[in-house]
Amino acid sequence: MHIIFDKAELRFGERVALHPLSLQLSEPRIGVIGLNGSGKTSFARLVNGLVKPTSGRVTLDGMDTVADAKAVLAATGFIFQNPANQIILPLIRDDIAMGPKARGLKGKALDEAVEAVMDRFAIAELAERRPHELSGGQLQLAALAAVVVTEPKLILFDEPTNQLDLKNRALVRRAIDGLEQQAIVISHDLDLVSGFGRVLVFHEGRLAFDGDGAEAIARYRETAAC
Amino acid sequence: MLTSLYVEGTSFLHRMSVRAKLAGLMIIGLALFLVANPVALGFALLVTATLYLRLGLGVGEAFRRLRPVLITIAFFGLVNVVVLSPHEALTSTLRLLAILFLAASVTATTTIADFIDTITALLVPLERLGLMKAADGGLAFGLVLRFVPDIALRYAVLKEAHAARGLTLKPQTILGPLIISTLKEADSIAEAIDARGIRGQ
Amino acid sequence: MITRDLVLSALFTAIIIVLGLIPPVTLGFIPVPITAQSMGVMLAGTIIGARRGALAYVLLVVLVAVGLPVLSGGRGGLNVLMGPTGGYIIGWILGSFATGYLSERLVRDGQSALLQAAGFFAASVAGGIIVVYAIGMPWVSLMTGTPFSKVIFGSLAFIPGDLLKAAIAILAARAVMVGYPLLPQRA
């Protein structure tokens with residue numbers, strides 16, 4: 001999708017989470033890095049309209065995140081930091097089915113869509129399991145399956161590997177690499193975004209750098225050191 | 001952890017619709033209050049107890065399930081012998097037992113999924129009135145069942161933390177942390193539900 | 001009702017269920033062990049307020065009705081609701097609403113700790129004890145035929161324990177008010 005930030009700003013009362021930002025994005029893989037509280041998360045939530053800009057506007061392929069909020073949400077998926085909290089039904093299969101069900105899919109078509117997405121992420125054997133029995137990596141894959149099954153055009157990841165060990169990080173990284181969808185990945189896990197064509201560095205609520213992965217990481221290390 | 005009280009089977013109660021069972025329970029329950037003849041109530045009890053015991057639960061499990069309520073009924077039976085009369089105590093006890101076995105039979109022959117479907121269907125008129133979304137009911141039950149094991153785990157962790165610090169477990173020291181740490185998850189859970197468009201777009 | 005309110009109610013229902021799994025404890029001078037679950041009505045009202053608290057209890061009562069053993073001691077099913085003490089369970093819904101309604105009006109941020117505690121205590125006693133018994137006792141009398149006056153007399157035995165529960169509920173409510181205030185933002 002073609003994402004346009006037009007002087008979009010986010011404030012909570014006096015506190016500025018993101019200073020007015022203007023930029024355009026259309027790359028298939030976009031990384032977002034920065035310190036805690038630098039504005040990364042605000043940026044991601046502005047993209048899919050989970051938060052509304054205090055001033056300015058954000059559009060995705062021309063759809064405004066405020067005026068066309070429903071269409072924007074339908075076209076995007078969001079993977080949160082704590083995968084346990086985005087799985088909201090007791091059985092993994094039911095949870096994955098919930099999104100497409102809310103969009104009107106039912107019966108055989110629904111079952112097939114759920115099976116297909118579980119096969120795709122190699123989690124078919126988790127269908128009848130309960131979330132508290134799964135590892136962090138399995139949970140994150142289940143959460144990703146639940147998003148991909150609704151066929152969004154763009155998927156946002158908010159620190160998807162934050163709470164995972166090395167093995168599970170690798171698992172999630174491979175899953176992200178294999179997506180045909182456009183992806184915006186916020187991460188402290190620099191390896192995850194180092195190969196991306198475009199990486200944004202946020203610092204104190206402003207865009208501090210915008211360029212390719214290697215350069216962005218070098219810049220981030222500089223700003224973080226001082 | 002939370003296993004349903006449903007029992008597999010093919011009895012006519014298993015095959016009856018949930019609505020018919022609930023309506024029948026209500027009507028029979030109320031009708032029994034109009035009956036004061038101990039012989040008739042004894043007959044009703046015989047019928048419902050037979051119904052319940054023939055569902056395939058096994059006598060031990062069948063009584064274990066009802067133990068708390070049976071104790072309560074026995075207690076009030078004894079009280080009534082003293083404060084009313086043995087005759088009145090007998091009629092009220094027989095009536096309560098008859099209702100108890102009938103209610104337990106409905107519970108044992110209805111799956112949770114069937115119950116939830118029926119409740120969701122019954123909520124549709126409320127949705128038409130704009131009071132709520134019927135689908136929210138199913139979502140809310142799902143959320144409760146989803147998060148019970150997580151909260152139980154959180155309780156175990158708090159218990160361990162108490163033990164590690166040599167503190168005895170008291171409700172006053174554990175309730176606050178347990179409730180705060182659980183409710184703090186509400187924001188991210190709600191955000192995920194909204195982002196996934198689950199409450200209908 | 002926004003999604004967050006729905007989630008808060010559902011999480012509270014789950015908390016109440018977990019409190020029923022914890023073994024009962026003996027408190028102070030009360031001889032009968034009490035379950036943490038029986039404080040739920042007061043906790044729900046004082047912590048998440050009237051509407052969300054009542055919804056948490058609607059969810060719990062429906063889970064009991066559909067046959068899940070969610071009450072302490074593994075109780076559940078229609079037989080519990082249709083038994084002599086079913087009125088108390090129905091009373092929990094209105095009791096948590098009343099506790100929440102009064103808490104929302106009596107307790108505010110910035111009051112002294114003592115004033116907040118007094119507000120929570122008054123709300124817990126009114127909602128968690130008076131309202132619950134006002135529905136539970138006539139039900140008992142109706143179902144068992146035991147005269148109402150005797151039921152009232154018998155219920156007095158539970159009052160000291162209930163007052164102690166209200167005192168504990170205050171501590172928890174205050175802890176949440178300080179640590180993660182939810183009550184001021186009404187549903």
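The numbers attached to residues start from 1 for each chain and follow its sequence in the written order. A letter from A marks each chain and a number from 1 marks each ligand, given out in the order of writing. Side-chain atom pairs in this predicted model are given and counted only at pLDDT of 80 or more, local residue features only at pLDDT of at least 70, and totals for whole chains, interfaces and linings cover all residues. To get the side-chain values, all heavy atoms of the structure are used, and hydrogens and water are removed first.

Draft legend 1. The domain arrangement of chain B, seen in detail. Each domain's limits were defined by an automated method or a database of domain assignments. Annotation of chain B at the domain level lists domain 1 (12-110) and domain 2 (133-195). A straight line from the C-alpha centre of domain 1 of chain B to that of domain 2 of chain B covers 36 Å.

Draft legend 2. Representation of the sheet that holds strand 6 (residues 76-79) of chain A in the model. Residues and elements named next belong to chain A. Being paired, for any two strands, means DSSP has found at least two bridges between them. Helix and strand assignments follow DSSP, with helices taken as H or I runs no shorter than four residues and strands as E runs no shorter than two, numbered in order from the N terminus. Pairing is mixed in the open sheet, where 6 strands are placed in the order 6-7-8-3-9-10. At either end of the open sheet lies a strand with only one pairing partner, and these are strand 6 and strand 10 (206-211). This sheet shows a mean twist of 15 degrees between the axes of neighbouring strands, independent of strand direction. The pairing of strand 3 (residues 29-34) with strand 9 (residues 198-203) spans 5 bridges and is parallel. Pairing of Ile 33 across the sheet is with Val 201, part of strand 9. Between the N-to-C directions of two axes lies an angle of 0 to 180 degrees, each axis being a line fitted to C-alpha atoms and, for a helix, fitted only over the stretch in contact.

Draft legend 3. Main features of the pattern of salt bridges. The working definition used for a salt bridge is a side-chain nitrogen of Lys or Arg within 4 Å of a carboxyl oxygen of Asp or Glu. Counting across every chain of the model gives 23 salt bridges over all chains. With its nearest N and O atoms 2.7 Å apart, the salt bridge here joins B:Glu191 to A:Arg45. On the criterion of chain membership, the pair formed by B:Glu191 in helix 9 (residues 186-195) and A:Arg45 in helix 1 (residues 40-47) is interchain, its members lying in two chains. Note on exposure labels: buried denotes an accessible area under 20% of the residue type's maximum, exposed denotes more than 50%, and partly exposed covers the range between, all computed with a 1.4 Å probe on protein chains only. Owing to a relative accessible area of 18%, B:Glu191 belongs among the buried residues under this scheme. A salt bridge links B:Arg154 to B:Glu185; the nearest nitrogen and oxygen atoms lie 4.0 Å apart. Placement of the pair is B:Arg154 in helix 7 (residues 134-164) and B:Glu185 in the loop between helix 8 (171-183) and helix 9, with a sequence separation of 31 residues. Exposure remark for B:Arg154: the relative accessible area of 22% places this residue in the partly exposed category.

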